[in-house]
Amino acid sequence: MADKDCPPVLAFREAGPADAPALVLLHGFGGSGGHFDPVLEALTSKAHVVLPDLPGHGRSFDVSGSRHPRAAAQAVLATMDALGLDRFHLAGFSMGGAVACLTALQAPERVLSLTLLAPGGFGPEIAAETLRAFAAARTPEAVRSGLSRMMAPGAHVPDEDVAQVVDERANDALVSELVAIAELITRDGRQGAIPRSILENIACPVRLVWGTADPVLPVSQSGELPTGFDLRLVEGAGHLLVREGRDAVLEALSAPFS
């Protein structure tokens, strides 16, 4: 366990050449670094990919400290310190997008570029009941239903995604953590928002990808972005962009290495 005064080092995976530029991928609520497996092989030809499990998630379910996104950003930086990565490209999906923004704000000299996939924190609206139900889901049927509610109508939930989540949810302590985090990030049915005036302080290049049929974080939250934020909308895609907008996600994640 980490010292109470020091951010914890998160569990993580690495893939790709050690001497390639570093790309850190932050997953969304209720997931783990494995969320990015569908695009991982394509990215490892360009980057050294680091996939942390955020506090209370995956193999970081028992790390010490707060589960607030600000604390998660500090834990990401502590993990990069442990890996000896002074500077890195950063990407985040959903809740991980909010953590990525906060990381870039806390350490602007370290984050070379920022890619945000339907990020949290861009407005107060959030599908609170969907996330709370997904936090507690453990059976294949409940997990499939939870994932389906995050996707556009008619989208297919891959069996391997269901199996991955079910396997992680065999851990009672993990599920308890997720239920508590869901309550934290959807208090009163809304999420905390990062003011646009603060987002304007992000100094590195920023790319956003958002599905026009996102049922979790409405695409309207992509409006009135700071100058220089590059937005790509994926027509008809829901929230799970790694599956529903894979080509757009890969293009955005690969752009810094082109």
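Preceding this paragraph is the structure being described.
Note that this is a predicted model, so its numbers are computed, not measured.

### Remarks on the side chain of His 239
Step number 1: Locating His 239 in the fold gives a position in the loop between strand E7 (229-234) and helix H9 (241-244).
Step number 2: At a separation of 2.8 Å, a polar atom in the side chain of His 239 contacts the side chain of Ser 94.
Step number 3: In terms of polar contacts, His 239 uses its side chain to reach the side chain of Asp 214, at 2.7 Å.
Step number 4: Ignoring sequence-local partners within four residues, the contact set of His 239 consists of Phe 93, Ser 94, Ala 118, Met 150, Met 151, Asp 214, Pro 215, Val 216, Leu 217 and Glu 244.

### Remarks on the packing of helix H4 (residues 128-136) against helix H5 (residues 140-150)
Step number 1: Close contact between H4 and H5 brings their axes to 9 Å; oriented N to C, the two are set at 155 degrees. Relative to H5, H4 is oriented roughly antiparallel. Classified by chirality, the crossing of H5 by H4 is left-handed. Judged by residue contacts, Glu 129, Thr 130, Leu 131, Ala 133 and Phe 134 of H4 engage Val 143, Gly 146, Leu 147, Arg 149 and Met 150 from H5.
Step number 2: For the contact of H4 with H5, the per-class residue count stands at six nonpolar, two polar and two charged.

Reading guide: rules and limits
- Residues numbered from 1 in each chain as written.
- Predicted model: local features only at pLDDT ≥ 70, side-chain atom pairs only at ≥ 80, totals over all residues.
- Heavy atoms only, no water.
- Helix = DSSP H or I, 4+ residues; strand = E, 2+ residues; numbered from the N terminus.
- Polar contact = N/O pair within 3.5 Å; in protein donor to acceptor, adjacent residues only side chain to side chain.
- Contact = heavy atoms within 4.5 Å.
- Axes fitted to C-alpha atoms, helices over the stretch in contact; angles between N-to-C directions.
- Parallel < 35°, antiparallel > 145°, perpendicular 65-115°, else oblique.
- Left-handed = near helix turned anticlockwise from the far one by under 90°.
- Nonpolar A, V, L, I, M, F, W, Y, C, P; charged D, E, K, R; others polar.

These values are about where atoms sit, not about what they do.
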